[in-house]
Amino acid sequence: MDERWNERWSRRGKIAANMNRPSRTAAEGMISFVYGDPDPDSLPLEQMARAADVLAENNRRDALSYANPVGPDGLSLALANKLHEDYGLDVTAEQVLLSLGAASGLGLVVDMLVDPGDVVLADAPAWMGATGMFRLAGAEVVGVEVDDEGVNPDRVLEAIDRLAAEGKAPKFLYTIPTFQNPSGVELSLERREKLAEIAQDKGLLILEDDAYIDLRFSGEPKPTIFGIAEPGTVLLFGTLSKTIAAGMRLGWCAGPADIIAVLSRGRTDSLRNTYTAALAEWFITTGQHRDHIAELRNIYSTKCSQMLTALEREMPEGASWTSPNGGFFIWVTLPDGVDALDLQPIAQENLVDYIPGTSFYSDGSGRNALRLSFSAVTEEQIDTGIARLAKVIREAM
Ligand SMILES: Cc1ncc(COP(=O)(O)O)c(C=O)c1O
């Protein structure tokens, strides 16, 4: 890079310049368990083409115009209805802010809440897209332990008390309660209730990221924290990336109408993604989205079982892994002494890839763990890839 750029970067630019993003293009022959991309064959290409035809047939020129990212109509309304029907949430279209994927909704909220030097709490491990955003905004990210039942509310309280002793209060807790990225676990009902209580008692804002909530293939559905908690204590983030198409860049943030209105004014590029929003609205309101989700649940259930069986068959003693009820991810804990970061180049030489656990922590922990995505690979690739991975782990032991 031209050295003059060292002087040009802003505070944010400097952080981004030093960030590392794995490439999205895998080497020839590589079986990549890296990305949480949706199953490519199931993307609803024909249905989206049909949706475009329907817009043309109905002279829907509004679908190519500027539009506000918040209700009262269109996709905001369709999503408000969906949240009511599927999750029992009393949300109006004015409470749903459309964003360019959940990532940009979260980014907007971070822009509006976080100043450099602020402290935020986040699941540990957590999706690095979110924690990376928090750091880019200049926040100190304090990780709160996630175990088999999700983030531990007692640890949340301890973190709040520890920070209070230093005269600080966290701006929010970021948590992924359902089929967590990266661990695949679900937050128990008891813990959801406890977090709602903490939010109320301690004035803690919760950012609930439920990107995978529609993709349950086993176990009993659980209420959202948003639905349990006092209104105003939780902002709920969702996305159509996992159940329609990531390329349409459609997500949302739900919260109190007055807060959503402020958020919608907070960013210059927060106009509605009008065209793709209109395509998605048709897909949802005609009931096809619901049918598609049912198909996706079957697809991911099969892939997940395939990976669990392969892990059972291939992994050496001492390795353990989570067994998710939905979503895209399995979290593997390696046998003692095996380091996922050191192992990665060797795995790549053996044409299998994953994300080392360290990418999901803010304090360097996670060397003994790794995340596997089963969503975008075929069943055959799962079998071959897990056999390759098990071999390199065994050789490293
Ligand atoms: C937990 C979580 N939240 C949000 C997102 C962002 O999705 P999008 O911006 O495509 O809606 C992802 C994508 O991987 C995710 O795993």
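For clarity, every value in this text was computed on a predicted model and none was experimentally measured. (Residues numbered from 1 in each chain as written. Predicted model: local features only at pLDDT ≥ 70, side-chain atom pairs only at ≥ 80, totals over all residues. Heavy atoms only, no water.)

Here we come to the pairing of strand 2 (residues 96-99). Burial along strand 2 is two-sided: the residues Val 96 and Leu 98 and Leu 97 and Ser 99 are all buried. When strand 2 meets strand 9 (residues 251-254), the two strands line up antiparallel, connected through 4 bridges. Each residue of the ladder has a partner; that of Leu 97, found in strand 9, is Cys 253. (Buried < 20%, exposed > 50% of the residue type's maximum accessible area, 1.4 Å probe, protein only. Helix = DSSP H or I, 4+ residues; strand = E, 2+ residues; numbered from the N terminus. Pairing = 2+ DSSP bridges.)

This paragraph deals with the nonpolar core. Grouped together as the largest cluster of nonpolar side chains are 52 residues, with contacts concentrated most on Leu 75, Leu 121, Val 156, Leu 195 and Leu 240. If near-sequence neighbours (up to four positions away) are discounted, Leu 240 is found in contact with Leu 75, Leu 79, Ala 245, Leu 250, Trp 252, Ala 280, Ile 284 and His 289. Among the nonpolar cores identified, the runner-up in size contains 37 residues, and Phe 33, Met 315, Phe 328 and Leu 370 belong to it. (Core = buried A, V, L, I, M, F, W, Y, C linked by side-chain atoms within 4.5 Å. Contact = heavy atoms within 4.5 Å.)

With that settled, the discussion passes to unusual backbone geometry. Each neighbour pair has its own omega, and for Ala 124 with Pro 125 the value is 10°, a cis peptide bond. Relative to the elements of secondary structure, Pro 125 occurs in the loop between strand 3 (119-124) and helix 6 (128-136). Following Asn 181, the chain continues into Pro 182 via a peptide bond in cis, with omega recorded as 20°. With a phi angle near 50°, Asn 59 is a residue other than glycine that sits in the positive phi range.

Next up on the list: the domain arrangement of the protein chain. Interfaces are often sized by the amount of accessible area the parts lose when they come together. You can read the domains of the protein chain as domain 1 (5-44 + 291-396) and domain 2 (60-287). Computed over C-alpha atoms only, the centres of domain 1 and domain 2 are separated by 24 Å. Together, the buried faces of domain 1 and domain 2 total about 2,900 Å²; carbon and sulfur atoms form 62% of this surface. The three residues of domain 1 that bury the most area against domain 2 are Arg 297, Asn 325 and Phe 360, which together make up 20% of that side's buried surface. Seen at the junction of domain 1 and domain 2, the total is 1 salt bridge. (Domains from an automatic or database assignment. Buried area = accessible area lost by both parts, 1.4 Å probe. Salt bridge = Lys/Arg side-chain N within 4 Å of Asp/Glu carboxyl O.)

Two quantities define a packed helix pair, namely the angle between the axes and the distance from one axis to the other. Viewed as axis vectors pointing N to C, helix 4 (residues 74-87) and helix 12 (residues 274-285) meet at an angle of 35°, and their least axial separation amounts to 8 Å. Once helix 4 is placed against helix 12, the crossing between them reads as left-handed. On helix 12, the residues that touch Gly 74, Leu 75, Ala 78 and Leu 79 of helix 4 are Ala 277, Ala 280, Glu 281, Ile 284 and Thr 285. Its residues assigned to classes, the contact of helix 4 with helix 12 comprises 6 nonpolar, 2 polar and 1 charged. (Axes fitted to C-alpha atoms, helices over the stretch in contact; angles between N-to-C directions. Left-handed = near helix turned anticlockwise from the far one by under 90°. Nonpolar A, V, L, I, M, F, W, Y, C, P; charged D, E, K, R; others polar.)

Looking now at the site of the ligand. Neighbouring residues of the ligand: 13 residues in total, closest Ala 102, Asp 209, Tyr 212, Thr 239 and Ser 241. Here a nitrogen atom of the ligand sits 2.6 Å away from a polar atom, N or O, in the side chain of Asp 209. Lys 242 is positioned with one of its side-chain polar atoms (N or O) 3.0 Å from an oxygen atom of the ligand. Relative to its unbound accessible surface of 400 Å², the ligand loses 91% to contact with the protein. Residue assignment for the shell around the ligand shows that the elements contributing at least two residues are helix 5 (101-113) and helix 10 (241-245). Considering every element that reaches the shell around the ligand, the biggest residue donor is helix 5, with 3 residues. Of the residues contributing to the shell around the ligand, the split by class is 6 nonpolar, 4 polar and 3 charged. (Near = heavy atom within 4 Å. Polar contact = N/O pair within 3.5 Å; in protein donor to acceptor, adjacent residues only side chain to side chain. Areas by Shrake-Rupley, 256 points an atom, 1.4 Å probe, with all protein chains shown as cover.)

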